[in-house]
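Coordinate analysis (summary)
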Amino acid sequence: MKFTAAVLVLATLLASATAHMALLYPTPRGGYGTKQYNGRVHTWIGYHDSKWTQKFPCGGYAPGPITKMKAGQTINVRFLASSMKAKDIKKQPKPTSKSHQFSQARHGGGTCEFSLSYDGGKTYHLIGRYTKSCPDAYYQWPVKIPKNVPSCNTKNKCLFVWSWTADILPQYYHNCADIRLTGVKKGKLPKKSIAIVDFKGRKTNVRAPGDGVKHNSGKGPNKTEVKNNLNGVYAK
Ligand SMILES: *[C@@H]1O[C@H](CO)[C@@H](O)[C@H](O)[C@H]1NC(C)=O
Ligand SMILES: [Cu+2]
């Protein structure tokens, strides 16, 4: 009995060490299915264990697979919860009932920001944002690449970035997908950057407002914010 309890506690600790959220599509550095995948991609910046320290930017992973994107294209972003089954990773799951769901460490939601970096994570250009109910693996989150951005083809420098400031914990997540972007001549990048908080050298104890839903799916993307994302409202 004692042994079983100890094993259970250990199993729970191990699960909680990796039970967070990550970018699933576009595939980030260190993401599911990549060579560097070590299960740590869904940890916050500053997380460390005996094998790994999650660093800023991009978790500290080496460049990964390249996703091609075009100016004006809508990217239907997907998220990974560590308890998702292969079939739910393969095909976008929809919330059907509260009792039959995979668990997601959503931390009460928070603010997700989406940005482009053309310099490998030195500077960021905000292109999209969802507040309160993000992230959630039971939904897709449309983000539009602005139609007037320049091309980006420099090896290892072009990134589509998801950052998340969680609600119930002061944790900051940062995943980067390597991209090749076909843009326009004399294009312009949005001027606003992203929030970069909650790790050493940055403003700490920052929590974004959330939806209060911790492990189940929430209500998904706010409809007004979907429109805003598709209309480039955040990409100024
Ligand atoms: C949806 O987003 C809009 C625009 O940001 C905001 O005014 C509204 O309160 C949000 N609705 C909910 C239910 O959070
Ligand atoms: Cu977490």
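Residues numbered from 1 in each chain as written. Chains lettered and ligands numbered in written order. Predicted model: local features only at pLDDT ≥ 70, side-chain atom pairs only at ≥ 80, totals over all residues. Heavy atoms only, no water.

**Structural notes on the layout of surface pockets**
Roughly 260 Å³ of volume is contained in the largest pocket. In terms of lining, the largest pocket is formed by 14 residues, of which the most central are Pro146, Lys147, Asn148, Gly232 and Ala235. By volume, the second largest pocket amounts to about 180 Å³. Every residue along the wall of the second largest pocket is listed here: Ser83, Lys85, Lys87, Asp88, Pro93, Lys94, Pro95, Thr96, His100, Gln101, Phe102 and Tyr138. Across the lining of the second largest pocket, the residue classes tally to four nonpolar, four polar and four charged. (1 Å grid on protein atoms, 1.4 Å probe; cavity = no way out; pocket = protein on both sides within 12 Å on 5 of 7 lines; lining within 4 Å. Points joined across faces, edges and corners; volume = space filled by probe spheres on them. Nonpolar A, V, L, I, M, F, W, Y, C, P; charged D, E, K, R; others polar.)

**Things to note about the pattern of salt bridges**
Evaluated as defined, the whole model comprises six salt bridges. One salt bridge connects Arg29 with Asp178, and the closest N-O pair in it is separated by 2.8 Å. Of this pair, Arg29 sits in the loop between strand E1 (21-25) and strand E2 (66-70) while Asp178 sits in strand E8 (residues 172-182); the two residues are 149 residues apart in sequence, bridging distant segments of the chain. Neither residue differs from the other here; Arg29 and Asp178 are each classed as buried. (Salt bridge = Lys/Arg side-chain N within 4 Å of Asp/Glu carboxyl O. Helix = DSSP H or I, 4+ residues; strand = E, 2+ residues; numbered from the N terminus. Buried < 20%, exposed > 50% of the residue type's maximum accessible area, 1.4 Å probe, protein only.)

**A closer look at the sheet that holds strand E6 (residues 141-144)**
Strand order in the open sheet made by the three strands is E1-E3-E6, with antiparallel pairing throughout. Each edge of the open sheet carries a strand with a single partner, namely E1 and E6. Within this sheet the neighbouring strands show an average axis-to-axis angle of 40°, counted without direction. The pairing of E1 with strand E3 (residues 74-81) spans four bridges and is classified as antiparallel. Paired with Met21 across the strands is Ala81, a residue of E3. Contacts between helix H3 (residues 223-230) and the sheet are confined to E3 and E6, with E6 contributing the most and set at about 25° to the helix. (Pairing = 2+ DSSP bridges. Axes fitted to C-alpha atoms, helices over the stretch in contact; angles between N-to-C directions. Contact = heavy atoms within 4.5 Å.)

**Concerning the nonpolar core**
The biggest cluster of nonpolar side chains holds 40 residues, and the ones touching the most others in it are Phe79, Phe114 and Phe160. Element by element, the count of residues in this core is highest for E3, at five residues. One finds Ile45, Tyr124, Leu159 and Cys176 within the second-largest nonpolar core, a separate group that totals 14 residues. (Core = buried A, V, L, I, M, F, W, Y, C linked by side-chain atoms within 4.5 Å.)

**Focus on H3**
The residue sitting at the N-terminus of H3 and contributing the capping side-chain oxygen is Asn222; that oxygen lies 2.8 Å from the backbone nitrogen of Thr224. Once H3 ends, the next one or two residues include Gly232, with phi positive near 70°. (Polar contact = N/O pair within 3.5 Å; in protein donor to acceptor, adjacent residues only side chain to side chain.)

**Considering the site of ligand 1**
Neighbouring ligand 1 are the residues Lys132, Asn222, Thr224 and Glu225. Contact between ligand 1 and Asn222: an oxygen atom at 2.3 Å from a side-chain N or O atom of the residue. Classifying every residue of the shell around ligand 1 by side-chain character gives no nonpolar, two polar and two charged. (Near = heavy atom within 4 Å.)

**Regarding the state of the cysteines**
This structure, assessed with the given rule, holds three disulfides. Between the sulfur of Cys58 and that of Cys176 lies a disulfide, 2.1 Å long from S to S. Across the disulfide from Cys58 to Cys176, rotation about the S-S bond amounts to roughly -85°, and the bridge is consequently left-handed. Highlighted residues: Cys58 in the loop between E1 and E2 and Cys176 in strand E8, separated in sequence by 118 residues. (Disulfide = S-S within 2.5 Å.)

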